[in-house]
Amino acid sequence: MPRHCKLPRYDYGSNGVLGYYHAQLTDIVQYPDARTELFHAFRELGNIILFCMLIEQALSQEEVTDLLHAAPFQNILPRPFVAEGEKPETKQKRLEAKYAALQIVQNVDKYGTAKQGQLSREGDLLTRERLCCGLSLFSVVLRRLRSCLTAPQWPAPPAPHHHAPHHTDTTTEFHRLWSALQFLYCIPVGDTQFTVEELFGEGLHWAGCTIIALLGQQRRFEALDFCYHILKVQRVDGKDELVKGIPLKRMVDRIRRFQVLNSQIFGVLARHLAADDERAGVEHVRCFPPPAAPHTA
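Below you will find a few notes about this structure. A quick note: this is a predicted structure, and the numbers were derived from the prediction, not measured.

Considering the overall build of the chain
Secondary structure assignment for the chain yields 13 helices and two strands. Summarising the internal contacts of the chain: among those between residues at least 6 apart in sequence, 78% fall at separations of at least 24. Just so you have it, the chain exposes about 19100 Å², and 58% of that area is on carbon and sulfur atoms.

This is the structure in structure tokens:
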């Protein structure tokens, strides 16, 4: 990675911006092990993250099914149909009497031992509160992964001072490295070559976006990404030509497709991370008193 890589002005045109980034990132573009080793490592991590998320979705469906099956045994009965002139309370009591023999907690308390009664009440409480607690396997996986990213190899960005300029050109943060890798896989390949999508699927992008989100670098990535800058400039000038053998319009189309995918991944991660942060911290709400009404004579 170059030590500094700035965002060129719009005056250079999209072809000039692409040429600048290609020259700056030539070591990344020509890195021989990028597709054979590096992308595969990211793909494996991304597939692990995706697998954990899919397990959680399957568990959620299983829990909903369990709740539906357990409902008659917990005195959770659907509201009966009531014709005109009938009282809903009467039909409801009749239903409860009909299913009284199925009530686990009441019957165990009545016929079982004290230990069995305690176990039945604990099981009933767990079944009722399982989905209400918002327990999330995927959030635990993200928290564990975030603790791994606090190692010295992943330095957090320095806290900006009030009057100090934010150095946006430096490339020490992870999101700048991922911008360089995204530049590499957005370059169109020939007709006889495999694309990044065919070789690695979406696991590659899930790994990069997850690490960026857990490091708190999503906003800087979206503002300073090399490919996104090319896309913005090309939308203004609409140029289409070969730059260093790269068809500009085809590359911009690929950038836009990956931008949509990245946004979807960041959206999924934000939902889990936001719910996790809300449980971890206390929300501070400041209440303002209503304005006092002026006294009228």
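Thoughts on the nonpolar core
Ranked by size, the top nonpolar core spans 57 residues in total, and within it Trp178, Phe183 and Ile230 carry the most contacts. Every element with two or more residues in this core is listed here: α1 (13-24), α3 (34-70), α7 (137-148), α8 (174-186), α9 (196-200), α10 (203-214), α12 (226-237) and α13 (248-280). In terms of residue count, α13 provides more of this core than any other element does, eleven residues in total. Ignoring any residue separated from it by four or fewer positions in sequence, one finds Ile230 in contact with Ser14, Val17, Leu18, Tyr21, Phe183, Leu248, Val252 and Ile255.

Quick notes on the packing of α1 against α12
Close contact between α1 and α12 brings their axes to 8 Å; oriented N to C, the two are set at 160 degrees. One finds that α1 runs roughly antiparallel with respect to α12. Seen from above, α1 lies across α12 with left-handed handedness. Of the residues in α12, those touching α1 at Gly13, Ser14, Val17, Leu18 and Tyr21 are Phe226, His229, Ile230, Val233, Gln234 and Asp237. Broken down by class, the residue content of the contact of α1 with α12 amounts to six nonpolar, four polar and one charged.

Brief notes about the pattern of salt bridges
Across all of its chains, the model carries seven salt bridges by this definition. Here Glu197 makes a salt bridge to Arg254, at a shortest N to O gap of 3.1 Å. With Glu197 in helix α9 and Arg254 in helix α13, this residue pair connects regions lying 57 residues apart in the sequence. Note that Lys249 and Asp253 form a salt bridge whose closest N and O atoms lie 3.1 Å from each other. Here the residue Lys249 and the residue Asp253 both occupy positions in helix α13, the gap between them amounting to four residues, near one helical turn. Judged by relative accessible area, Lys249 falls into the partly exposed class, the value being 34%.

Some points on the packing of helix α5 (residues 104-111) against helix α6 (residues 114-129)
Interhelical geometry of α5 versus α6 gives an angle of 170 degrees and a closest axis separation of 8 Å. Relative to α6, the element α5 lies roughly antiparallel. Contacts between α5 and α6 involve Ile104, Val105, Val108 and Asp109 from the former and Gln116, Gly117, Ser120, Arg121 and Asp124 from the latter. Its residues assigned to classes, the contact of α5 with α6 comprises three nonpolar, three polar and three charged.

Observations regarding unusual backbone geometry
Apart from glycine, the bulk of residues carry a negative phi angle, and the bulk of peptide bonds sit in the trans form. Phi angles above zero are rare outside glycine, and Lys244 is one such case at about 55 degrees. Here Lys244 lies in the loop between β1 (242-243) and β2 (246-247). Lys244 sits in the exposed class, given a relative accessible area of 60%.

Quick word on the packing of aromatic side chains
Each aromatic ring pair is described using two quantities: the centre-to-centre distance and the angle formed by the ring planes. Taken as a whole, this structure holds twelve aromatic pairs when the rule is applied. Centroid distance Phe42 to Phe174: 6.4 Å. Interplanar angle 50 degrees. Geometry classified as tilted. Residue Phe42 is found in helix α3, and its partner Phe174 is found in helix α8; the two are separated by 132 residues along the sequence. Overall, the relative accessible area of 11% leaves Phe42 in the buried class. Through a chain of ring-to-ring contacts, the aromatic side chains of Phe39, Phe42, Phe174, Trp178, Tyr185, Phe200 and Phe258 assemble into a single cluster. Residue placement shows Arg257 over the ring face of Phe258; its charged tip is 6.0 Å from the ring centre.

Notes on α10
Compared with an ideal rise of 1.5 Å per residue, which puts twelve residues at 16 Å, α10 spans 16 Å between its outermost C-alpha atoms and is within 8% of the ideal. Gly216 occupies a position one or two residues after α10 and carries a positive phi of about 70 degrees.

Regarding α12
Working note: α-helix, 3.6 residues per turn, so residues spaced by three or four point in the same direction. Its twelve residues give α12 an end-to-end C-alpha distance of 17 Å, which sits within 8% of 16 Å, the value for a rise of 1.5 Å per residue. Regarding α12, the residues found buried are Phe226, Cys227, Tyr228, His229, Ile230, Leu231, Val233 and Gln234. For α12, the capping residue at the N-terminal end is Asp225, with a side-chain oxygen 3.1 Å from the backbone nitrogen of Cys227.

So, the state of the cysteines
In total, this model carries zero disulfides according to the counting rule given. With no disulfide of its own, Cys186 has Cys227 as its nearest cysteine by sulfur position, at a separation of 4.1 Å. On the basis of relative accessibility, which here comes to 0%, the residue Cys186 falls in the buried class.

Rules used in this analysis
Residues numbered from 1 in each chain as written. Predicted model: local features only at pLDDT ≥ 70, side-chain atom pairs only at ≥ 80, totals over all residues. Heavy atoms only, no water. Helix = DSSP H or I, 4+ residues; strand = E, 2+ residues; numbered from the N terminus. Contact = heavy atoms within 4.5 Å. Areas by Shrake-Rupley, 256 points an atom, 1.4 Å probe, with all protein chains shown as cover. Core = buried A, V, L, I, M, F, W, Y, C linked by side-chain atoms within 4.5 Å. Buried < 20%, exposed > 50% of the residue type's maximum accessible area, 1.4 Å probe, protein only. Axes fitted to C-alpha atoms, helices over the stretch in contact; angles between N-to-C directions. Parallel < 35°, antiparallel > 145°, perpendicular 65-115°, else oblique. Left-handed = near helix turned anticlockwise from the far one by under 90°. Nonpolar A, V, L, I, M, F, W, Y, C, P; charged D, E, K, R; others polar. Salt bridge = Lys/Arg side-chain N within 4 Å of Asp/Glu carboxyl O. Phe/Tyr/Trp six-rings, centres within 6.5 Å; stacked < 30°, edge-to-face > 60°. Lys NZ or Arg CZ within 6 Å of the ring centre and 35° of its normal. Expected span 1.5 Å × (residues − 1). Polar contact = N/O pair within 3.5 Å; in protein donor to acceptor, adjacent residues only side chain to side chain. Disulfide = S-S within 2.5 Å.

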